[in-house]
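# Residue-level structural notes
Residue strings, one per chain:
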Amino acid sequence: MSTERLSECWENLKRIGAEVSSELNLREAFAEDPARFSRYHSTLDDLFVDYSKNLITDNVLNGLLELAKEAGVTEWRDRMFAGERINITEHRAVLHVALRNIDGDPVEVDGEDVMPGIKEVLANMKAFAARVHSGEWKGHTGKKITDVVNIGIGGSDLGPVMVNEALRPYHIDGIKCHFVSNVDGAHIVDTLKGLDAETTLFIIASKTFTTDETLTNAYSARSWLVDALGDDGAVAKHFVAVSTALDKVAEFGIDTANAFGFWDWVGGRYSLWSAIGLPIILAVGYDRFEELLRGGAAMDQHFKTAPLAENIPVILGLIGVWYRNILGASSQAILPYDQHLSRLPAYLQQADMESNGKSTTRDGKPVQTATGPVIWGEPGTNGQHAFYQLIHQGTELIPVDFMVAAKPLHDLQNHHDKLVANCFAQAEALMVGKTEAEVRHELDLQGMSADDIDVLAPHKVFAGNKPSTMILYRQLDPFTLGRLIAMYEHKIFVQGVIWNVNSYDQWGVELGKQLAKELLPMVQGSESAESRDASTAGLIAELRTLQS
Ligand code: F6P
């Protein structure tokens, strides 16, 4: 790939961008082109992605596809699937795709097939979950486990939390999963309130097994259990671990026979498919977890084989680049019209922002383009009554991903019909807007005086021409959820390639961790804070005053 050619692609897109900004009106584009909807959608079986309401034209898409080719999206994709060490700053392969390749060919890292190891851990998790579900695995006092508390943070929390919520209709009776992540003691205290130590199982989930928040919570959980059961020996039956660092698991005092491993080529934010998914298996059963994996694998297959112009993650990634780099959007809203996807925006915040929130290229140079946008969102229709005002009439361009199921997993069809109507209506409203003439006509029909119309009309105008993508699927089953998650993973991958950043490290989270360690003795009062900047030192002094 030559930088010169790349910049030609960018220059071309900027030219088209100027035209589109001044000339493209989506309302007119639909009126003039009856084939717009059928041309601008992609499908993977029942997963239907309508991107026709985006600020794009054939010229835009062709320019973006050209950019994808020049940036080497297919070559990087193939290198990832082939197990090459594309995470260059950590010298690691990026192989979360192997975790769901359960029916596929061998996948090698440095000549060694990783699939047997993956299948062995899956079999161990399956057997363990079966023992817990049947009651064969008993707590220290001989009782069946009824509550599971996963202690982890970031990638060792958000994936299982999101999936646990998404698959609520599939939860197995008699067992409930809870999640503790924050080092704020309120999180573990509130979670443990009402739980019975005799029937509670803790999963300590940490890729590195060094994360302070997780270890602090793990030690507090351990004290809670030992205090309640009055025996140190109780730990063996109430603590299991998920980690790549089994030596550290042993140091903590968990029998490694009760530990489930994974590998350094699984990034934390891509790890829900690995042993990090253990709470998912406990919540919904192994078979459902396997359906989730198969859904992910189906999207992998699509990503690997579909032509770029029909490739869902590629199209979504490119449209995101278009907004971020050419039309200047700084955020992307994720608005699932699916209550069970309520944690998807938070999950995607880590997946996307920790991956592409970078300002250094793979070659160690400053990036020349803006990179990852701010990801945010809430489930519909709640968001409509909160922040949609700004999307409709504010001054920011905010591309939106809507998603909704055709069929609910409950019996209240009238609720679902209203949900879908609201979802489609918001996408339509953002796109068509309401002109001043339409507003005036409407107010006139209501019998308002001409003077009052003059005052009110400007406030009721909707500019419209606001972009959105609609993701429609039959129902939110584990297979579909797997496809959706993998779709976003690959979208993030495509954008990382275009921006020439390493999407698989996260050095930006280190400094805060390091400084927190330094500040702790100052917060605790055993060290002076004089050496710090005046603000930090002043805050610590103020804290001590308020604590006295
Ligand atoms: O916040 C940084 C981070 O390293 C994430 O990337 C990771 O998912 C999280 O911390 C938790 O790390 P671990 O699983 O090693 O405890």
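Residues numbered from 1 in each chain as written. Predicted model: local features only at pLDDT ≥ 70, side-chain atom pairs only at ≥ 80, totals over all residues. Heavy atoms only, no water.

### Regarding the overall build of the chain
- For the chain, the helix and strand inventory stands at 23 helices and 13 strands.
- Over its C-alpha atoms the chain spans a radius of gyration of 26 Å, differing by no more than 12% from the 24 Å that the globule rule assigns to 548 residues.
- By principal-axis analysis of the C-alpha atoms, the chain measures approximately 80 × 60 × 60 Å.
- Counting only residues that meet the buried cut, the chain has 52% of its 548 residues in that class.
- Summarising the internal contacts of the chain: among those between residues at least 6 apart in sequence, 74% fall at separations of at least 24.
- Put simply, the chain shows about 24,100 Å² of open surface, and 51% of that area lies on carbon and sulfur atoms.
- Between the centroid of the 48 positive side chains of the chain and the centroid of its 74 negative side chains there is a distance of 2 Å. (Helix = DSSP H or I, 4+ residues; strand = E, 2+ residues; numbered from the N terminus. Rg over C-alpha atoms; globule rule 2.2 N^0.38 Å. Buried < 20%, exposed > 50% of the residue type's maximum accessible area, 1.4 Å probe, protein only. Contact = heavy atoms within 4.5 Å. Areas by Shrake-Rupley, 256 points an atom, 1.4 Å probe, with all protein chains shown as cover. Lys, Arg positive; Asp, Glu negative; His and termini not counted. Charge placed at Lys NZ, Arg CZ, Asp CG, Glu CD.)

### Notes on the side chain of Arg 324
- As for its position among the elements, Arg 324 is in helix 15 (residues 312-326).
- Here Arg 324 occupies a buried position and makes no salt bridge, while the nearest side chain of opposite charge, Glu 396, is found at 8.4 Å.
- In contact with Arg 324, not counting residues within four places along its chain, are Ala 329, Ser 330, Ala 370, Thr 371, Gly 372, Pro 373 and Trp 499. (Salt bridge = Lys/Arg side-chain N within 4 Å of Asp/Glu carboxyl O.)

### Looking at the nonpolar core
- Membership of the largest hydrophobic core comes to 126 residues, with the highest contact counts inside it found for Trp 322, Leu 481 and Ile 498.
- In this structure Ile 498 touches Trp 10, Leu 67, Ala 68, Ala 71, Val 73, Leu 318 and Val 321, once residues within four positions along its chain are discounted.
- By size, the runner-up hydrophobic cluster in this structure holds 25 residues, among which are Ile 151, Ile 188, Ala 218 and Ala 259. (Core = buried A, V, L, I, M, F, W, Y, C linked by side-chain atoms within 4.5 Å.)

### Points about helix 10 (residues 212-229)
- In this model, helix 10 (18 residues) spans 26 Å end to end at C-alpha, consistent with the 26 Å of a helix rising 1.5 Å per residue.
- Here helix 10 has its buried residues at Thr 214, Leu 215, Asn 217, Ala 218, Ala 221, Leu 225, Val 226 and Leu 229. Taken end-on, helix 10 shows its buried residues confined to a sector of 165 degrees, consistent with a single buried face. In this structure, helix 10 carries Asp 212 and Asp 227 as exposed residues pointing more than 90 degrees from its buried face.
- Looking one or two places after helix 10, you find Gly 230, whose phi comes out positive at around 65 degrees. (Expected span 1.5 Å × (residues − 1). Arc of directions from axis to C-beta.)

### Focus on the sheet that holds strand 6 (residues 176-180)
- The strand order across the open sheet built from five strands is 6-5-7-8-9, with neighbouring strands paired in parallel fashion. Looking at the sheet topology across the chains shown, the edges are occupied by strand 6 and strand 9 (259-261). Along the sheet, successive strands turn relative to each other by an average axial angle of 20 degrees, direction set aside.
- Summarising the sheet, strand 5 (residues 147-151) and strand 7 (residues 200-205) pair through five bridges and their orientation is parallel. Bridging from a neighbouring strand, Asp 147 pairs with Thr 200 of strand 7. (Pairing = 2+ DSSP bridges. Axes fitted to C-alpha atoms, helices over the stretch in contact; angles between N-to-C directions.)

### Quick notes on the site of the ligand
- The environment of the ligand is made up of 14 residues, and the closest members are Ser 156, Ser 206, Thr 208, Thr 211 and Glu 354.
- Note that an oxygen atom of the ligand is positioned 2.7 Å from one of the backbone N or O atoms of Gly 155.
- The separation between an oxygen atom of the ligand and a polar side-chain atom of Thr 211 is 2.5 Å.
- Computed on the free molecule, the ligand has an accessible area of 390 Å², of which 87% lies beneath the protein chains in the complex.
- Per-class residue counts for the shell around the ligand are two nonpolar, nine polar and three charged. (Near = heavy atom within 4 Å. Polar contact = N/O pair within 3.5 Å; in protein donor to acceptor, adjacent residues only side chain to side chain. Nonpolar A, V, L, I, M, F, W, Y, C, P; charged D, E, K, R; others polar.)

### Section: the pairing of strand 5
- Burial within strand 5 is extensive, with five of its five residues counted as buried.
- Once you follow strand 5 into helix 8 (residues 158-166) and on to strand 6, the crossover reads as right-handed. (Right-handed = clockwise from strand over helix to strand, strands pointing away.)

### Topic: the packing of helix 19 (residues 436-445) against helix 20 (residues 450-460)
- One way to put it is that helix 19 packs onto helix 20 with a least axis distance of 9 Å and a crossing angle of 130 degrees. One element, helix 19, and the other, helix 20, form an angle in the oblique class. Seen along the crossing, helix 19 lies across helix 20 with a hand that is right-handed. Residue-level contacts link Glu 436, Val 439, Arg 440, Leu 443 and Asp 444 of helix 19 to Ile 453, Asp 454, Leu 456, Ala 457 and Lys 460 of helix 20. (Parallel < 35°, antiparallel > 145°, perpendicular 65-115°, else oblique. Left-handed = near helix turned anticlockwise from the far one by under 90°.)

### With respect to helix 4 (residues 58-71)
- With 14 residues, helix 4 ought to run about 20 Å at 1.5 Å a step, and its terminal C-alpha atoms sit 20 Å apart, in line with that.
- One or two steps after helix 4, the chain reaches Gly 72, where phi turns positive at roughly 85 degrees.

### Side note on the packing of aromatic side chains
- Under the defined criterion, the tally for this structure stands at 16 aromatic pairs.
- For the pair Phe 209 and Phe 252, a centre-to-centre distance of 6.2 Å together with 80 degrees between the ring planes defines the contact as edge-to-face. In this pair, Phe 209 sits in the loop between strand 7 and helix 10 while Phe 252 sits in helix 12 (residues 246-252), placing the two residues 43 residues apart along the sequence. Pair check on accessibility: Phe 209 and Phe 252 agree, each one buried.
- Considering the side-chain rings of Tyr 270 and Tyr 504, the 5.3 Å spacing of their centres and the 50 degrees angle between planes classify their relative orientation as tilted. A residue pair is termed long-range when its members are at least 10 positions apart, and Tyr 270 in the loop between strand 9 and helix 13 (278-284) and Tyr 504 in the loop between helix 21 (478-499) and helix 22 (510-524) qualify at 234 residues. (Phe/Tyr/Trp six-rings, centres within 6.5 Å; stacked < 30°, edge-to-face > 60°.)

### Some thoughts on the confidence of the model for the chain
- For the chain, the average pLDDT comes to 97, and 99% of its residues sit at 70 or higher.
- Taken together, the chains of this predicted complex give a pTM of 0.97 and an interface ipTM of 0.98. (pLDDT = per-residue confidence, 0-100.)

### Things to note about the sheet that holds strand 11 (residues 374-376)
- Taking strand neighbours across the sheet as the criterion, the six strands line up as 1-2-13-12-10-11 in an open arrangement whose pairing is mixed. For this open sheet the edge positions go to strand 1 (41-44) and strand 11, each flanked by a neighbour on one side alone. Each strand axis lies, on average, 15 degrees off the axis of its neighbour in the sheet, ignoring direction.
- One ladder, built from four bridges, connects strand 1 with strand 2 (residues 47-50); its direction is antiparallel. Residue pairing across strands places His 41 opposite Asp 50, the latter belonging to strand 2.

### Concerning the packing of helix 5 (residues 73-81) against helix 14 (residues 286-305)
- Packing of helix 5 against helix 14 leaves a shortest axis separation of 10 Å and a crossing angle of 140 degrees. The orientation of helix 5 with respect to helix 14, classified from their angle, is oblique. As for how helix 5 packs across helix 14, the hand of that crossing is left-handed. Contacts between helix 5 and helix 14 pair Arg 77, Met 80 and Phe 81 from the former with Asp 300, Phe 303 and Lys 304 from the latter.
- For the contact of helix 5 with helix 14, a count of residues per class yields three nonpolar, no polar and three charged.

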